[in-house]
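What follows is each chain in one-letter form.
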2 protein chains.
Amino acid sequence: MSQFPLVLSLGDPAGIGPELIIQAWREREAKGLMPFVVAGGAQILSQAAEVLEVPAPVQNIASTHEAAEIFADALPVLTGEDGDYLPGAPDVVGAAVAWNSLRQATALVVGGDAAALVTAPIAKGLLEQVGFAYPGQTEFLANACDLPEDAAVMMLAGPSLRTIPLTVHCPLAEVPQRLSTDLIITRGRIVAAALARDFGITQPRLAVTGLNPHAGEDGKFGNEEQAIIAPAIAALLADGITATGPHPADALFSPHSRTGFDAALCMYHDQALIPVKALDFDQGVNVTLGLPIVRTSPDHGTAFDIAGKGAAHPGAMIAAIRMAGLCAARRADG
Amino acid sequence: MSQFPLVLSLGDPAGIGPELIIQAWREREAKGLMPFVVAGGAQILSQAAEVLEVPAPVQNIASTHEAAEIFADALPVLTGEDGDYLPGAPDVVGAAVAWNSLRQATALVVGGDAAALVTAPIAKGLLEQVGFAYPGQTEFLANACDLPEDAAVMMLAGPSLRTIPLTVHCPLAEVPQRLSTDLIITRGRIVAAALARDFGITQPRLAVTGLNPHAGEDGKFGNEEQAIIAPAIAALLADGITATGPHPADALFSPHSRTGFDAALCMYHDQALIPVKALDFDQGVNVTLGLPIVRTSPDHGTAFDIAGKGAAHPGAMIAAIRMAGLCAARRADG
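The residue count restarts for each chain, going from 1 along the sequence in the order it is written. Chains carry letters and ligands carry numbers; both start at the beginning, A for chains and 1 for ligands, and go up in the order they are written. Where local features are concerned, this predicted model is filtered to residues with pLDDT of at least 70; where side-chain atom pairs are given and counted, the filter is 80 or more; whole-chain, interface and lining totals use all residues. Only heavy atoms go into the side-chain values, all of them from the structure, while hydrogens and water stay out.

### Remarks on the overall build of chain A
Strands here mean DSSP runs of E at least two residues long; helices mean DSSP runs of H or I at least four residues long; both are numbered from the N terminus. When helices and strands are counted, chain A shows 13 helices and twelve strands. Within these notes, the globule rule equals 2.2 Å times the number of residues to the 0.38 power, and the radius of gyration is based on C-alpha atoms. At 20 Å, chain A has a C-alpha radius of gyration in line with the 20 Å of a compact globule built from 334 residues. Principal-axis analysis of the C-alpha atoms places the extent of chain A at approximately 60 × 40 × 35 Å. Accessibility here uses a 1.4 Å probe with only protein chains present; expressed as a share of the type maximum, an area under 20% marks a residue as buried, one over 50% as exposed, and anything in between as partly exposed. In chain A, which comprises 334 residues, the share counted as buried stands at 58%. Asp and Glu count as negative and Lys and Arg as positive, but His and the ends of the chain are not part of the count. In plain terms, the charge of a residue is placed at NZ if it is Lys, CZ if Arg, CG if Asp and CD if Glu. When the 19 basic and 35 acidic side-chain charges of chain A are each reduced to a single mean position, those positions are 6 Å apart.

### Side note on the nonpolar core
In this structure, F36(A) and F36(B) are the most contacted members of the largest nonpolar core, which totals 154 residues. When sequence neighbours within four positions are dropped, the list of residues in contact with F36(B) reads P5(B), L6(B), L8(B), I21(B), A24(B), W25(B), F71(B), L75(B), P76(B) and I321(B). Counting residues in hydrophobic clusters, the runner-up holds 30 residues, among them M154(A), A207(A), A249(B) and F261(B). What makes a nonpolar core is a set of buried Ala, Val, Leu, Ile, Met, Phe, Trp, Tyr and Cys residues whose side-chain atoms join them at distances within 4.5 Å. Here a residue-residue contact requires only that any non-hydrogen atoms of the pair lie within 4.5 Å.

### As for the relation of the copies chain B and chain A
Put simply, the two copies of the chain differ by a rotation about an axis and a shift along that axis. The copies were overlaid by least squares, fitting only the C-alpha atoms of residues that reach a pLDDT of 70 or more in each copy. The two copies are related by a screw operation: chain B maps onto chain A through 180° of rotation and 0.0 Å of translation along the axis, at an RMSD of 0.1 Å. Read as a symmetry element, the transformation amounts to a two-fold axis. Most of the interface of chain B is mirrored in chain A, where 97% of its interface residues are also at the interface.

### With respect to the domain arrangement of chain A
Residues and elements named next belong to chain A. By convention here, the domain bounds are inherited from an automatic or database domain assignment. Domains assigned within chain A are domain 1 (1–152 + 291–334) and domain 2 (153–282). The C-alpha-based centres of domain 1 and domain 2 are spaced at 29 Å. Computed with a 1.4 Å rolling probe, the buried area is the accessible surface lost when two parts are put together, summed over both parts. Of all residues in domain 1, D299, R330 and R331 bury the most surface against domain 2, accounting for 40% of the area lost on that side. For R331, the salt bridge goes to D198, with nearest N and O atoms at 2.7 Å. N or O atoms closer than or at 3.5 Å make up a polar contact, with two conditions inside protein: a donor-capable atom paired with an acceptor-capable one, and, for residues adjacent in sequence, both atoms drawn from side chains. Run the count over domain 1 and domain 2 and you get four residue pairs in polar contact (both at pLDDT 80 or more). Counted as salt bridges are all cases of a side-chain nitrogen of Lys or Arg within 4 Å of a carboxyl oxygen of Asp or Glu.

### Quick look at the sheet that holds strand β4 (residues 75–78) of chain A
Residues and elements named next belong to chain A. Sheet architecture is open: twelve strands sit in the order β3-β4-β2-β1-β5-β12-β11-β6-β7-β10-β8-β9, paired in mixed fashion. One side of each edge strand has no neighbouring strand; the edge strands of this open sheet are β3 (58–61) and β9 (242–247). The sheet shows a mean angle of 30° between the axes of neighbouring strands, taken without regard to direction. The criterion for strand pairing is that DSSP finds at least two bridges linking the strands in question. Pairing of strand β1 (residues 6–9) with strand β2 (residues 36–39), which is carried by four bridges, proceeds in the parallel orientation. Within the sheet, the bridge partner assigned to S9 lies in β2 and is A39. Of the strands in this sheet, β2, β3 and β4 touch helix α2 (residues 42–52), which is tilted by about 175° from β3. Strands in contact with helix α13 (residues 315–333) are β1, β2, β5 (117–119), β6 (153–157), β11 (285–289) and β12 (295–298); relative to β12, the strand with the most contacts, it is inclined by about 170°. For every element, the axis is a line fit to its C-alpha atoms; helices are fit only across the contacting stretch, and the angle between N-to-C directions ranges from 0 to 180 degrees.

### Observations regarding the sheet that holds strand β5 (residues 117–119) of chain B
Backbone hydrogen bonds are what pair the strands of a sheet, in a parallel or an antiparallel way. Residue and element names in this part refer to chain B. Strand order in this open sheet of twelve strands is β3-β4-β2-β1-β5-β12-β11-β6-β7-β10-β8-β9, and the pairing throughout is mixed. Of all the strands in the sheet, the pair left with one neighbour each is β3 (58–61) and β9 (242–247). Averaged over all pairs of adjacent strands, the angle between strand axes in this sheet comes to 30°, irrespective of strand direction. Sheet analysis places strand β6 (residues 153–157) next to strand β11 (residues 285–289), joined by five bridges and oriented antiparallel. Of the residues in β11, the one forming a bridge with V153 is L289. Docked against the sheet, helix α12 (residues 269–280) engages β6, β7 (162–165), β8 (205–209) and β10 (263–266), running at close to 160° with respect to β7. In this fold helix α13 (residues 315–333) packs onto β1 (6–9), β2 (36–39), β5, β6, β11 and β12 (295–298), with an angle of close to 170° to the strand it touches most, β12.

### Quick look at the pairing of β1(B)
In the case of a regular strand, side chains alternate between the two sheet surfaces. Residue and element names in this part refer to chain B. Going residue by residue along β1, you find L6 and L8 tucked away on one face and V7 and S9 tucked away on the opposite face as well. Crossovers are described as right-handed under a simple rule: with the strands pointing away from the observer, the path leading from the first strand over the helix to the second runs clockwise. A crossover links β1 with its parallel partner β2, the connecting element being helix α1 (residues 17–26), and its sense is right-handed. As defined by bridge partners, β1 adjoins β5 across three bridges and the pair is classed as parallel. Residue pairing in the sheet places L8 in a bridge with V118 of β5.

### Brief notes about the packing of helix α1 (residues 17–26) of chain A against α13(A)
The angle between the axes and the distance between the axes are what describe a pair of packed helices. Residue and element names in this part refer to chain A. It is at 9 Å that the axes of α1 and α13 come closest, and there the two elements cross at 60°. Two packed elements cross with a definite hand, and for α1 against α13 that hand is right-handed. Listed contacts from α13 to L20, I21 and A24 of α1 are M317, I318 and I321. Residues of the contact of α1 with α13, tallied by class, amount to six nonpolar, no polar and no charged. If you view the pair so one helix is near and one far, a crossing is left-handed when the near helix is turned anticlockwise from the far one by less than a right angle, and right-handed when it is turned clockwise. Three classes are used, and their members are as follows: Ala, Val, Leu, Ile, Met, Phe, Trp, Tyr, Cys and Pro are nonpolar, Asp, Glu, Lys and Arg are charged, and the others, Gly among them, are polar.

### Structural notes on the pattern of salt bridges
In this structure the tally under the stated criterion is 16 salt bridges over all chains. Across the pair R178(A) and E174(A) runs a salt bridge whose closest N-O atoms are separated by 2.9 Å. The exposure class assigned to R178(A) is partly exposed, which follows from its relative accessible area of 44%. A salt bridge links R189(B) to D239(B); its shortest N-O distance comes to 2.5 Å. You can see R189(B) sitting in helix α8 (residues 181–199) and its partner D239(B) sitting in the loop between α9 (224–238) and β9, a full 50 residues away along the chain.

### Some thoughts on the side chain of N286(B)
Residues and elements named next belong to chain B. Turning to its location among the elements, N286 is positioned in strand β11. For N286, a relative accessible area of 11% puts it in the buried group. Apart from the residues within four sequence positions on either side, N286 is in contact with M154, M155, L156, R295, T296, S297 and D299.

### Here we look at the side chain of E224(A)
As for its position among the elements, E224(A) is in helix α9 (residues 224–238). Buried charge without a partner: E224(A) forms no salt bridge, and the closest opposite charge is R178(B), 12 Å away. Once residues lying within four places of it in the same chain are set aside, the contact partners of E224(A) are P176(A), L211(A), N212(A) and I229(A).

Printed below as a string of structure tokens:
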């Protein structure tokens, strides 16, 4: 186990990030969480604890080395950007705090002063107004690791299922032309390596979905399965990676089918996210694979509409913290 | 409650249809199933009971009127096309039996001699070789009712969720151009009327999905939400139908979101079927809405690979029989 704590970015301070961090800290013993520290926002977190009327003493620290010692008694927060807790009222001031927290937290993990990064939800539109210029946090992290954006692969992981969307934020109409055999092979290799390294699955079994209904039914409803997907599966198999498919996506996520694979490579956003959110909504974790750092995030947004009311479910944040700790420990042991 | 029994088509005799029918009959009391009769296949069913080593006496009858009386003691089967039970070995001889059984069963329901139709799974490719010339059983049924194919709407229904795929068996690349405001309005009206008439939901709440990830995020990833879907929702609301959306499809099927609607109108096959099969795999029922007859079907295929082994789960067939009985009873009362 690494001697360093996990580091959490604050997320948008007007969203549910601060309260989830506090709730996770309060459940640190019950859930067996490894020590974590928050990058900035000590006052925001103190005010959030007051608003939520939960006891959560916040302690400012100057270095991640101090976190483990005080974690049992207080929520450790690194000196950094700060502000006021204004739940449900997002603005550029708060977005600047979120952006600085993300950069500070990332630098600590990249520099080796934290074991892994857990990011709380941000509002991308607002973050762009204060200088964030990436499609998402995943691409920012690849850049921070001096890697091309496509080196980082997003995986959604819940207790029931792990899925990887091969295309993400593009119109559905563009999905067919964005898919390529190379894309599937490259991502498949990254996923197989990461499942072995970070998840302890020695010979991961990848299921690859079809694009079309019934995986095209032998070319009757589209030919991407034969033209693009099957050759990628053949190439992965030639690499020694256990890959099957193209599978009809509708049946792949049934309870019986799910026992047959460790992760599903899916052709587009909703194909990957519908089953994870249907089955594991309050426990879904977004994991970034393929980077020299470990990073996880709860698979939900800022939820400005319920922020500050104590109504947000901390399950996904706690799952993200647990998963980050486990992945970091496997890397340290590996 | 109608005085007439339900009628079941045999499905492909080499698939799991015969054994599911036998298992459903054996659970008739435990599951409170209303009496049903099978259209043809008495010998096939007798042989299947022998192969499966389950006691299920088959009794040939000439008219649906005889079914209710003997249902407690034997599985009633109407005189009709028959053959041998050859599980796992589909051929055109079996397909002809399946095709005749489907036509016989449909004619009985259309003619008023049966309360509702439950169809067992067929193999469409084989059925086409013996004269079946429809995209699927749903379109055949519309035709048998002297209605255009698009009068019949397929709904998938499980204990957790009901979904309607607005486009079905076409390449994913063609989905955007196949969608139209008219299509959504027409199907929405049929679904709302059917949920009231057949499912007893007085003011059904329809959730309409977006096509693109995050429902396009205000036009950033595609504009079908604004151009096609939102105007349809407005038109349905103007009709007095409770319709909401366009909803991001990935979050719509989470446990919390599912409490907010009675059925989801989905833009394409996998968007509708992934969540139903993930959540309700062994209990998913395919219901045909919009026809003068009630028709249901288990939402799975012939499963030739496991046929005759007693390994097929009868849950979806039993759910289809139960749902057909309930819908028929509501119509009889209505």
